[in-house]
Amino acid sequence: MASGTLVIGESTEDGKLNPVVPELIGIGSRLGGPVTVALLGSGVEGVAQEAGAFGASKVFVIDDAILKDYQGDSYVPIAERIAKEVNPAVILMGQTMMGRDLAPRLAQRLGTAVAMDCVNFEMQGDKLIAERPCYGGSARARYTINGMPQIATVRAKAQEPAERDDSREAEVVKQPAGVGEGDVRTRIVERRKEKAEGVRLEDAKVVVSGGRGLGGPEGFKPLEEMADVLGGAVGASRAVCDLGWYPVANQVGLTGKVVTPDLYIAVGISGASQHMAGISSVKNIVAINKDPDASIFKSSRWAVVGDWKEIVSGFTEKVRQLKASG
Amino acid sequence: MKTAHSCCCRAAFDALRSGRNGVSSQDCGKISGCYTTARDETRAGGAGNGDLRDQPHRSSLLIVFPDQGDRSCSQFRVDEAAKKVLPAPGIQPVPSQFDTIGVEAALRIKDKQPDTVITVLSLGPDSFRDTIKHCLAMGADEGVHINDPAVNGADHWATAEVLAAAIKKLEPFDLIIAGRQAVDWDMGIVGSTIAEILGIPVVTIAKDIQHNDGRVTVERVLLDGFETVEAPTPAVVTVSNELGEPRYPQLRQIMMAAKKEVKPWTLGDIGISAPEKRITLEALFVPETKVETEFIEGDTPQEKGEKLATRLREAKLI
Ligand SMILES: Cc1cc2nc3c(=O)[nH]c(=O)nc-3n(C[C@H](O)[C@H](O)[C@H](O)COP(=O)(O)OP(=O)(O)OC[C@H]3O[C@@H](n4cnc5c(N)ncnc54)[C@H](O)[C@@H]3O)c2cc1C
Ligand SMILES: Cc1cc2nc3c(=O)[nH]c(=O)nc-3n(C[C@H](O)[C@H](O)[C@H](O)COP(=O)(O)OP(=O)(O)OC[C@H]3O[C@@H](n4cnc5c(N)ncnc54)[C@H](O)[C@@H]3O)c2cc1C
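Residues numbered from 1 in each chain as written. Chains lettered and ligands numbered in written order. Predicted model: local features only at pLDDT ≥ 70, side-chain atom pairs only at ≥ 80, totals over all residues. Heavy atoms only, no water.

J.: Help me understand the site of ligand 1, please; the structure alone is not making it clear to me.
T.: Lining the immediate surroundings of ligand 1 are 27 residues, of which A:Arg212, A:Ser237, A:Thr255, A:Ser270 and A:Asp307 lie closest. The environment of ligand 1 is shared, with nearby residues belonging to chains A and B. Between ligand 1 and A:Ser237 there is a distance of 2.6 Å, counted from an oxygen atom to a side-chain nitrogen or oxygen. Backbone polar atom of A:Gly268 to an oxygen atom of ligand 1: 3.1 Å apart, as the coordinates give it. In isolation ligand 1 has 980 Å² of accessible area, and contact with the protein removes 85% of it. Mapped by element, the contributors of at least two residues to the shell around ligand 1 are helix H6 (238–242) and helix H7 (273–276) of chain A together with helix H5 (97–112) of chain B. Looking at side-chain class alone, the shell around ligand 1 contains eight nonpolar, 14 polar and five charged residues. (Near = heavy atom within 4 Å. Polar contact = N/O pair within 3.5 Å; in protein donor to acceptor, adjacent residues only side chain to side chain. Areas by Shrake-Rupley, 256 points an atom, 1.4 Å probe, with all protein chains shown as cover. Helix = DSSP H or I, 4+ residues; strand = E, 2+ residues; numbered from the N terminus. Nonpolar A, V, L, I, M, F, W, Y, C, P; charged D, E, K, R; others polar.)

Following this line, the structure appears as structure tokens:
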């Protein structure tokens, strides 16, 4: 009988365990039953024991140069093979670049369904109840999957990570990839990174984001200055990324990044549900907007109504003073 | 050489469809062996199989899209008992944003290869006809509207299975373009599932599609940049908003679209019965958000900014 949870894990580009993996293991442990992790990639063997420390009882390692970059054609058959071998009740992965692409294809191969981008889970008997935002984050839906295994992708930072305990050890099973160049129909010709300077959005304690209300790309200069003084990072709404005012890599929201800073300052952003989806777990939101009825104020702890320019300059100046005086 | 064979069959079919008699349907199997050779000779400047070489490249693109009003913001109400979202009164359904972007992507290919045929394929109730018409007015060539009460309330997998079956009936084709996700359920499942059912490659979240000589070159949006991926056709590509603004139909085009055909199909026409559902919507609700908002007051904007800094310092956030 299908039981337990299989987590399809992944590593970061610099070879660390992707921070979503401990979160997935945490969910799996809370659902009950053993948690097995499958790690696919190149140079991932080193992080297998780390998955064990977070509570995985067994870790499959498929470490092969062909898996260096995610490609559906190489990852999907391996995930399918391991899923059949493990026969879990639940399969979890992150709503990452990999998860978005892999999960629907895996579901079809296994003849089952997947709930994407979930934020909350519950187990009733052997039925997984997966909760996910829909309608751009304005509504929530709860799903059950009719067959087995029940697959879900999980939004980053929606759930607490499992606790790390280095005294725990997992059984590590190394397996060959079993796929060759000939199986991969797609070919990555080029990969270009948009360079992010300073603090990474995902790691920043303070994020200052700008929207269409900035009036033009030059509006980001004062925001960068503000972020600099606060030791934070700069984000953007999709409207301004679409307009080319700021790089897409800095987009916050449903189709951009999920961020979890202690403080989020939104400048000239209206607060569309898709934007808010990227900051749904942020407790301290500040909004600066000239429209007193802007919907972002509904989720903000602090609201400042007015033209952003002078508000921001007054703010940045004051922060400098406060920081200088300790 | 499965790919070469299907390519060839497409060339043969294309010839038939475009009314040229360069290749006959009986020849299809025979030519499959020499198809790639003919191509190679062409490239080398040799005088190979003239019939094939002169064949204009006629590609057939299929775009799939659902009907979705742009009710993505606050313009709707949730009926928790019926587990349905009700649009605000007066909101007209328009094609889901990612799907007009899909049509735009196809039109850009057609701009370069005018012999491309763009078929708009959609599964949904009567109201979907208007959205198909909108896509035809944008410049798509023909529409297929699968409208059958047996698939009312179809989930993503049932939707994908019906669409895949319809696509098989529409063969040959080079490219299927779908939205990366629809604006309501945001799942991003239908495109990849169709590719799996048809056994063809899929490239997701595209911002640019180039289509040439039996392959697509797709620029994908990654979280930290972009990636260029090549795949042989036929293939599925799902498109993202980074592709750019879809064109808006001109009055003349809207009038021309009235003459374009929208084929009404039922499941019977495709030859399948309603697929089983794989997922159940147990509840739909609006989550509660309770935040006490403090408005920062001041005589000038400058002063409000300064006060904000002071408040955040008091809250130990900066
Ligand atoms: C499927 C889908 C996915 C999406 N994904 C995302 C996503 O990931 N991220 C995202 O951000 N959006 C996303 N969107 C888009 C989203 O719906 C909004 O369109 C977008 O967030 C709006 O950006 P904005 O707030 O910058 O612009 P607007 O909505 O135009 O708001 C501008 C604001 O600036 C204020 N303003 C104007 N001038 C000034 C001034 N001088 N001083 C102060 N304030 C001023 C205005 O009052 C207004 O509130 C998505 C949409 C869809 C359909
Ligand atoms: C339990 C359940 C019940 C549902 N009941 C209904 C219902 O009663 N009425 C309803 O309208 N929807 C219903 N849906 C949603 C429906 O199944 C479609 O799949 C949905 O519109 C696609 O939303 P998505 O964002 O998740 O799609 P994705 O998987 O993200 O699809 C993305 C792309 O696939 C293509 N696509 C998706 N659906 C269609 C379609 N129908 N025709 C052509 N192309 C398509 C489009 O290109 C779209 O951009 C239901 C879904 C579930 C899970």
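J.: Explain helix H6 (residues 128–138) of chain B to me, please; I cannot follow it from the model alone.
T.: Along an α-helix, a turn takes 3.6 residues, which lines up residues three or four apart on a common side. Residues and elements named next belong to chain B. Burial runs high along H6: nine of the 11 residues are buried. Of all the positions in H6, only Phe 128, Thr 131, Ile 132, Lys 133, His 134, Cys 135, Leu 136, Ala 137 and Met 138 are classed as buried. In the stretch just after H6, Gly 139 is the one whose phi turns positive, near 135 degrees. (Buried < 20%, exposed > 50% of the residue type's maximum accessible area, 1.4 Å probe, protein only.)

J.: Any chance you could explain the environment of B:Phe226 here in plain terms?
T.: Along the chain, the position of B:Phe226 falls in strand E9 (residues 225–232). With 28 residues separating them along the chain, B:Phe226 and B:Leu198 place their C-alpha atoms 27 Å apart. When sequence neighbours within four positions are dropped, the list of residues in contact with B:Phe226 reads A:Glu190, A:Arg191, A:Arg192, A:Glu194, A:Val248, B:Lys207, B:Glu219, B:Arg220 and B:Val221. (Contact = heavy atoms within 4.5 Å.)

J.: What is the right way to look at the environment of B:Leu107 in this model?
T.: Structurally, B:Leu107 is set in helix H5. Separated by 162 residues in sequence, B:Leu107 and B:Asp269 have C-alpha atoms that sit 28 Å apart.

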